[in-house]
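Fold and contact review
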Amino acid sequence: MMSHFLKVSVSESRAAVETSLCVSLYTNIQLNPAGFHQQQTLSVDMSAASCLLTEDQFLCSICLDVFTDPVSTPCGHNFCKTCITTHWSTNVPYQCPNCKEVFDPRPQLRVNTFISEMAAQFRQSAQQKASSSSSEQQVSKPGEVPCDVCTGTKLKALKSCLVCLESYCETHLEPHLTRSGLKRHQLIDPVENLEGRMCLKHDKLLELFCKTDQMCVCMLCTVLDHKTHDVVPLREEYEGKKAELGKTEAEIQQMIQKRRLKIEEIKHSVELSEEDADREIADGVQVFTALKESVERSQAELMDTIKEKQRKTEKQAEGFIKELEQEISELKKRSTEVEQLSRSEDHLHLLQSFTSLNTAPPSKDWTEVSVVLPSYEGTVRRAVSQLEETLSKQMKKLLAETKMQRVQQYAVDVTLDPDTAHPNLIVSGKQVTCGDVKKNLPNSPERFDTCPCVLAKQSFSSGRFYYEVQVKGKTEWNLGVARESINRKGRIPANPQNGFWLLSLRNENEYYARAGPDIRLSLESQPEKVGVFVDYEEGLVSFYDVDAAALIYSFTGCSFTEKLYPYLSPCTNNDGKNSAPLIISSVNYTK
């Protein structure tokens, strides 16, 4: 300890001398930089000097970093050459950023080599200090286990000994690593409160576990208090409990994963709801825009009707007025002639002219003539009534079209599977018809052998799907969906109980939902193209008249547990009366 004190004292004395020398040198350079460079005999250890100056003395007051190409202003302050040059380029007049002294003209600046070299020495010294400090042992921080042997500053412990009941830093751990007697001690990662690992009753290490009482015990405990109990080594119970913790952790992670999946499911539901809301808004805007246009059109028609009646009235009045004005003009002319003749003193002229004046004047009786005023009563009421009827029809049509567009967005590409087709059927890609000749085909389990029907290649076990079939020119047909496990041999009643959800046509204009028993349907028009929509999760199968945009029938509350296949049956040829094919057509869907 004394030698360490002497070294520190000598070092401090030397540092004081070097500091004094460095300050003297620095002052001399600042006061007379030119004279300093002229002295050839002066030799200074700049490495020592740079290490003795503080960091602030090597910082540029503009960029607050260690000098780079330092220059001195006439007032004696130092800056990075780039910093002071940039400062003076944007600020006029030229003045010192520190003391505000103004220079005119702008000073010529040169790099101060002495300060530049000292700054470089300072950088190198700082890097060396940082490197050396990182290799030293770490001092114990709050929350870390300190070494029990260190006096004064406590270093961080690397290991704890269960025999000595002490924790050691790297230096004090060395005997346990080198001495044969200490090598047998059990070392563990550093822990606090090693006394807590001792039996309070027998002052022995807790190295066993009593499974009967579920507690840690020492060797003497097994002989006395836990003599007949199930006792195992601490490590054995540790491994068992660790395995349980691993299982618990796996269960917790599984629970976390399930909840994360549920979050994603909820988020997906919100996204679907948002999409549905946007679609509903768009549909609503489309419907109300069309209705608004109808109202505006009806209003315009009403205005035109009223104005047309008014125009006819005005035209009639104008005719009467024109005729009256013509008669007035003629009467005025006759009045003038009569007045002139009455003033004549020529007896002969008056008598000769009087005869011509006897011509009958206009004699039309205008007493009963009047303008017929149009009747506007009930015009608005009739227009509103007609508008209501028009809007009702248009609204039904628009809503039906909107519904069609909603299901058509789930359109899928469907092609027919020849391996499932009855031997009488002629299948070509997307169309099927019934021939008169039964082909010689292998009777595989997938093929129908009695009913003239065929399944699609595509199957669906979730979500929604939609396809359309052209039925124009047919007198009989069946179409819809069927589950994968349906019986394809023999004649099977086509109903949901047997795995069929079908719509049928019989006798050209009789439509049935094959609900078991069949339901006769009344349609306003005969569909030429039928759309089939399935919502697997909802348990829904719906049929639509595509051209009329009208719902024909829906199977609801269905329980689907298997794959579903599109199902088509053109039925028998019926001597050519039913020879037209069923054709899976492309869906004309526009957003």
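Right above here is the structure, for reference.
Let me sum up the structure you'll find in this document. The structure displayed is predicted, hence computed values, not measured ones. (Residues numbered from 1 in each chain as written. Predicted model: local features only at pLDDT ≥ 70, side-chain atom pairs only at ≥ 80, totals over all residues. Heavy atoms only, no water.)

A closer look at the overall build of the chain
Each helix and strand in the chain was counted, giving 11 helices and 23 strands. Taking all 591 residues of the chain together, 30% fall into the buried category. A fraction of 56% describes how many contacts in the chain between residues 6 or more apart in sequence connect residues 24 or more apart. (Helix = DSSP H or I, 4+ residues; strand = E, 2+ residues; numbered from the N terminus. Buried < 20%, exposed > 50% of the residue type's maximum accessible area, 1.4 Å probe, protein only. Contact = heavy atoms within 4.5 Å.)

Regarding the side chain of Thr-313
Relative to the helices and strands, Thr-313 is located in helix α9 (residues 234-342). Take Thr-313: its relative accessible area is 12%, and that puts it in the buried class. Excluding anything up to four places from it in sequence, Thr-313 contacts Val-371, Val-372 and Pro-374.

Section: a negative patch on the surface
On the surface, Glu-264, Glu-271, Glu-274, Glu-275 and Asp-278 cluster together into a negatively charged patch. On the accessibility criterion, Glu-274 (48% relative accessible area) is partly exposed. (Patch = residues over 30% accessible without salt bridge, like charges linked within 9 Å, V, L, I, M, F, W, Y side chains within 5 Å. Areas by Shrake-Rupley, 256 points an atom, 1.4 Å probe, with all protein chains shown as cover. Salt bridge = Lys/Arg side-chain N within 4 Å of Asp/Glu carboxyl O. Lys, Arg positive; Asp, Glu negative; His and termini not counted. Charge placed at Lys NZ, Arg CZ, Asp CG, Glu CD.)

Things to note about the packing of α9 against helix α10 (residues 347-357)
The N-to-C vectors of α9 and α10 enclose an angle of 160 degrees; their axes lie 11 Å apart at closest approach. As summarised for this structure, α9 and α10 are arranged roughly antiparallel, according to the angle between their axes. Both α9 and α10 take part in a crossing whose hand is left-handed. Across the interface between the two elements, Arg-334, Glu-337, Val-338 and Leu-341 from α9 touch His-349, Leu-350, Ser-353, Phe-354 and Leu-357 from α10. (Axes fitted to C-alpha atoms, helices over the stretch in contact; angles between N-to-C directions. Parallel < 35°, antiparallel > 145°, perpendicular 65-115°, else oblique. Left-handed = near helix turned anticlockwise from the far one by under 90°.)

Regarding the sheet that holds strand β19 (residues 529-535)
Strand order in this open sheet of seven strands is β11-β12-β23-β14-β19-β20-β21, and the pairing throughout is antiparallel. The sheet is open, and its two borders are formed by β11 (425-428) and β21 (550-555), each paired with just one other strand. Across this sheet, the average inter-strand angle for adjacent strands is 20 degrees, counted without regard to direction. Summarising the sheet, β19 and strand β20 (residues 540-545) pair through six bridges and their orientation is antiparallel. Counterpart to Asp-535 in the pairing with β20 is Leu-540. (Pairing = 2+ DSSP bridges.)

As for helix α4 (residues 81-90)
The complete set of buried residues in α4 reads Cys-83, Ile-84 and Trp-88. Taken around the axis of α4, the buried residues stretch over an arc of 120 degrees, which confines them to a single face. Exposed positions of α4 whose direction lies more than 90 degrees from the buried face are Thr-82, Ser-89 and Thr-90. Here the buried face of α4 lies against β1 (70-72), β2 (78-80), β3 (94-95) and β4 (102-103). (Arc of directions from axis to C-beta.)

What about the side chain of Ser-542?
Secondary-structure assignment places Ser-542 in strand β20. Side chain to side chain, Ser-542 and Ser-554 meet in a polar contact 2.7 Å long. Every residue in contact with Ser-542, bar those within four places of it in the chain, is listed here: Gly-531, Val-532, Phe-533, Leu-551, Tyr-553 and Ser-554. (Polar contact = N/O pair within 3.5 Å; in protein donor to acceptor, adjacent residues only side chain to side chain.)

These figures capture arrangement, not role.
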